[in-house]
Amino acid sequence: MSHSWLIVPAAGQGRRMGADKPKQYLTLADGQPVLAHTLARLHGAFPSARLVLCLDADDRWFSPQWVPFTNWQRVAGGSERMDSVLNALHAMTATDDDVVMVHDVARPCITQGDLLALYQAATTNPAGALLAMPVADTMKRADDQGLSTRTEPREHLWHALTPQGFRYALLRRALETARQRQTVVTDEASAVEALGESPLLVSGRRDNLKITHPDDLALAAAILAAQAVHPSA
Ligand SMILES: Nc1ccn([C@@H]2O[C@H](COP(=O)(O)OP(=O)(O)OP(=O)(O)O)[C@@H](O)[C@H]2O)c(=O)n1
Ligand SMILES: C[C@](O)(CO)[C@H](O)COP(=O)(O)O
């Protein structure tokens, strides 16, 4: 019997946020931290999935009260995001064909529609799938002084988002290969592409914000409020 798995990398320090605690523990709305909102969204779409939560070994802010899943485990994060995800893969009792979706804890505005669309694509495409956003702005290449030196072609250029979903065996092989090659990848799809596979890009909502910089917190709160009024907007 195959199972669905969710890996949530939540072991980051939030350096770019510059707060007094990791950004996943900053209060977002309803007095709940970012982490609680993200896990609630994932649970709403996949209530029976198995959750593997990657937390820093020295995390002193986490509380299990924020985990709505019945079947879940925590694993220690690693030095890079990919190490945290690999630690999760090594701790899972998954079978090769289980579908594994990886979603940043820093993306609390993810919607049920996008989650289900990604799951469907990851299940039907052997090379997996990732939520992504076609680039809508003109893209500039800067020099070290911040001067625009070139405009990059934006045809077929996408912003990679999360979740990204793959069969367990492929994802584990891809990240272990990246580690053996001493390559640091910033998303799972990069590692799968390096094997010569082509994951499917699934066009996702533009409000699937990754909370990264200080002004992202208020923006994420505004998105959640707007989604509450217009759920399918
Ligand atoms: N060693 C790491 C680094 C990051 N992450 C997680 O990966 C996601 C995306 O990373 P990012 O937005 O860069 O978060 P941080 O690493 O916390 O941010 P920063 O780079 O500003 O420190 C986040 O949910 C973060 O918690 C992780 O689990 N393990
Ligand atoms: C996985 C990701 O969110 C896709 O855009 C992104 O690569 C994470 O990058 P970060 O530097 O770890 O935030």
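The protein is annotated in an unreviewed UniProt entry as 2-C-methyl-D-erythritol 4-phosphate cytidylyltransferase of Vreelandella sulfidaeris. In its Sequence similarities (unreviewed entry) section, UniProt records this for the protein: "Belongs to the IspD/TarI cytidylyltransferase family. IspD subfamily." Word for word, the UniProt comment on the protein under Pathway (unreviewed entry) is "Isoprenoid biosynthesis; isopentenyl diphosphate biosynthesis via DXP pathway; isopentenyl diphosphate from 1-deoxy-D-xylulose 5-phosphate: step 2/6."

Visitor: It is not clear to me how the pairing of strand β1 (residues 4–10) should be interpreted in this structure. Could you clarify?
Guide: One face of the sheet, then the other: side chains in a regular strand alternate in exactly this way. Taking burial as the measure, the 7 residues of β1 include 7 buried ones, the bulk of the element. In this sheet, strand β4 (residues 50–55) lies alongside β1 in parallel orientation, the contact comprising 6 bridges. If you follow L6 over to β4, its bridge partner there is L51.

Visitor: Looking at this model, I keep getting lost on the packing of aromatic side chains. Mind explaining?
Guide: Pairs of aromatic rings are described using the distance from one ring centre to the other and the angle between the two planes. All told, the structure shown has 4 aromatic pairs when counted by the stated rule. A ring pair is formed by Y25 and W66, whose centres lie 6.0 Å apart and whose planes are at 40°; its orientation type is tilted. Highlighted residues: Y25 in the loop between β1 and β2 (27–29) and W66 in the loop between β4 and β5 (72–76), separated in sequence by 41 residues. Note on accessibility: Y25 and W66 belong to one class, buried. A connected cluster of aromatic rings, assembled from ring pairs, spans Y25, W61 and W66.

Visitor: What is the right way to look at the site of ligand 1 in this model?
Guide: Inspection of the region around ligand 1 gives 18 residues, with G14, R15, R16, K23 and S84 positioned closest. Contact between ligand 1 and S79: a nitrogen atom at 3.4 Å from a main-chain N or O atom of the residue. Partitioning the shell around ligand 1 into residue classes produces 5 nonpolar, 6 polar and 7 charged.

Visitor: Is there a simple way to think about the sheet that holds β1 in this case?
Guide: Whether parallel or antiparallel, the strands of a sheet pair through hydrogen bonds between backbone atoms. Strand order in the open sheet made by the 7 strands is β5-β4-β1-β6-β10-β7-β11, with mixed pairing throughout. Lying at the two open borders of the sheet, with one neighbouring strand each, are β5 and β11 (200–203). Strand-to-strand twist of the sheet, defined as the mean angle between neighbouring strand axes without regard to direction, takes the value 25°. Inspection of the sheet shows strand β6 (residues 99–102) paired to strand β10 (residues 158–167) by 4 bridges, in the antiparallel sense. For V100, the partnering residue across the bridge sits in β10 and is F166. Where helix α3 (residues 112–124) meets the sheet, it contacts β1, β6, β7 (129–134), β10 and β11, and its direction lies at approximately 55° from that of β10.

Visitor: Just checking my understanding: could you explain the UniProt feature "site: Transition state stabilizer" (unreviewed entry) in the protein for this structure?
Guide: Per the UniProt entry, the sites bearing "site: Transition state stabilizer" (unreviewed entry) are R16 and K23 in this numbering. For R16, a relative accessible area of 55% puts it in the exposed group. Secondary-structure assignment places K23 in the loop between β1 and β2. For K23, a relative accessible area of 14% puts it in the buried group. If we skip the residues at most four places from it in the chain, K23 touches G14, M17, V34, A106, I211 and T212.

Visitor: Explanation requested: the nonpolar core in the structure shown.
Guide: Generally speaking, nonpolar side chains in soluble globular proteins are found buried as a group. L6, V8, L35, L39 and L53 are the most contacted members of the largest nonpolar core, which has 31 residues in total. Those elements that provide at least two residues to this core are β1, α1 (34–45), β4, β6, α3 and β7. Among the elements that line this core, the one with the most residues is α1, at 5 residues. Sequence-distant contacts of V8, defined by excluding residues within four places in its chain, comprise L39, L42, L51, V52, L53, C54, H103 and V105.

Criteria and cut-off values
- The residue numbering used here restarts from 1 in each chain and proceeds along that chain's sequence as written.
- Here chains are named by letter from A upward and ligands by number from 1 upward, in the order in which they appear as written.
- This being a predicted model, a pLDDT of at least 70 is required before a residue's local features are given, and a value of 80 or more before pairs of side-chain atoms are given or counted; all residues contribute to the totals for chains, interfaces and linings.
- With hydrogens and water excluded, all non-hydrogen atoms of the structure serve as input to the side-chain values.
- UniProt positions are given in the numbering used here, feature names are shortened, and annotations may be inferred rather than shown by experiment.
- Here's how the labels work: a residue is buried when its accessible area is under 20% of the maximum for its type, exposed when over 50%, partly exposed in between, all with a 1.4 Å probe on protein chains only.
- A run of H or I in DSSP counts as a helix once it spans at least four residues, and a run of E counts as a strand once it spans at least two, with each numbered from the N terminus.
- Should DSSP find at least two bridges between two strands, the strands are regarded as paired.
- Whether two aromatic rings pair depends on their centres lying within 6.5 Å, for rings of Phe, Tyr and Trp, where Trp uses its six-membered ring; planes under 30 degrees apart make the pair stacked, over 60 edge-to-face, and the rest tilted.
- In this text, near means that some heavy atom of the residue lies within 4 Å of the molecule or strand in question.
- In protein, a polar contact requires one atom able to donate a hydrogen and another able to accept it; more generally it is a pair of N or O atoms within 3.5 Å, and residues adjacent in sequence count only if both atoms are side-chain atoms.
- For this classification, the nonpolar set comprises Ala, Val, Leu, Ile, Met, Phe, Trp, Tyr, Cys and Pro, the charged set comprises Asp, Glu, Lys and Arg, and every other residue, Gly included, is treated as polar.
- All axes are obtained by fitting lines to C-alpha atoms, using only the stretch in contact for helices, and the reported angles, taken between N-to-C directions, cover 0 to 180 degrees.
- Two residues form a contact once any of their heavy atoms are found within 4.5 Å.
- Here, the term nonpolar core denotes a set of buried Ala, Val, Leu, Ile, Met, Phe, Trp, Tyr and Cys residues that are joined through side-chain atoms within 4.5 Å.

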